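Okay, here's what each chain looks like letter by letter:
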Amino acid sequence: MAIDEAVRAGADPDTVEVIEVEEVPLAYLPGNAVRIKVKAAGPSGASDRPAPRPGSKEGFDAHRDVQDLQSLAVGAAILGTGGGGDP
């Protein structure tokens, strides 16, 4: 997904590389849940199509965003009750 984002932003698809992978444990979720952040970059490609504007919904992943919101809701419920019980 990071490589696709870099290409959509104007990078040459033949030279894009993953340059960073970060795994962050999510203590507020049950099990061994982690958030994985991947950064990809590459030189600008020759493209007739302009890069998407910052803040545009191009490349929007609704499934990922719903999962993020559900995780935030669980974390907020835990913090809102002082770490135990239901709100």
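Whatever comes next refers back to the structure up there.
Conventions we followed
- Residues numbered from 1 in each chain as written.
- Predicted model: local features only at pLDDT ≥ 70, side-chain atom pairs only at ≥ 80, totals over all residues.
- Heavy atoms only, no water.
- Helix = DSSP H or I, 4+ residues; strand = E, 2+ residues; numbered from the N terminus.
- Buried < 20%, exposed > 50% of the residue type's maximum accessible area, 1.4 Å probe, protein only.
- Contact = heavy atoms within 4.5 Å.
- Areas by Shrake-Rupley, 256 points an atom, 1.4 Å probe, with all protein chains shown as cover.
- Salt bridge = Lys/Arg side-chain N within 4 Å of Asp/Glu carboxyl O.
- Pairing = 2+ DSSP bridges.

Description of the overall build of the protein
Right, so step 1: When its secondary structure is counted, the protein shows two helices and two strands.
Right, so step 2: Taken from the N to the C terminus, the helices and strands of the protein come in the order α-β-β-α.
Right, so step 3: Per-residue burial for the protein yields a buried fraction of 11% across its 87 residues.
Right, so step 4: Counting only contacts in the protein whose residues sit at least 6 apart along the sequence, the fraction spanning at least 24 positions is 50%.
Right, so step 5: Carbon and sulfur atoms make up 56% of the accessible area of the protein, which amounts to about 6,700 Å² in all.

Here we look at the environment of Ala-40
Right, so step 1: Mapped onto the fold, Ala-40 is located in strand E2 (residues 34-41).
Right, so step 2: Separated by 23 residues in sequence, Ala-40 and Glu-17 place their C-alpha atoms 5.4 Å apart.
Right, so step 3: Setting aside residues no more than four positions away along its own chain, Ala-40 makes contact with Ala-2, Ile-3, Ala-6, Val-16, Glu-17, Val-18 and Ile-19.

Considering the pattern of salt bridges
Right, so step 1: By the definition in use, this model includes two salt bridges.
Right, so step 2: One salt bridge connects Lys-39 with Glu-20, and the closest N-O pair in it is separated by 3.7 Å. Pair noted here: Lys-39 is in strand E2 and Glu-20 is in strand E1 (residues 17-25), with a separation of 19 residues, a long-range link.

As for the environment of Val-34
Right, so step 1: Its location among the elements puts Val-34 in strand E2.
Right, so step 2: Judged by relative accessible area, which is 36%, Val-34 ranks as partly exposed.
Right, so step 3: Here the alpha-carbon distance between Val-34 and Val-24, two residues 10 residues apart in the chain, equals 5.4 Å.
Right, so step 4: Apart from residues lying up to four places away in sequence, Val-34 is in contact with Glu-23, Val-24, Pro-25 and Leu-26.

Digging into the environment of Lys-37
Right, so step 1: Tracing the backbone through its elements, the reader meets Lys-37 in strand E2.
Right, so step 2: On the basis of relative accessibility, which here comes to 45%, the residue Lys-37 falls in the partly exposed class.
Right, so step 3: In sequence terms Lys-37 and Glu-20 are 17 residues apart; their C-alpha atoms lie 8.0 Å from each other.
Right, so step 4: Contacts of Lys-37, omitting those with residues within four sequence positions, involve Glu-20, Val-21 and Glu-22.

A few points about the pairing of E1
Taken residue by residue, a regular strand's side chains alternate between the two faces of the sheet.
Right, so step 1: In terms of residue burial, E1 counts as a barely covered element, since only zero of its nine residues are buried.
Right, so step 2: In the sheet, E1 pairs with E2 via eight bridges, with the strands oriented antiparallel. The residue of E2 that forms the bridge with Val-21 is Val-38.

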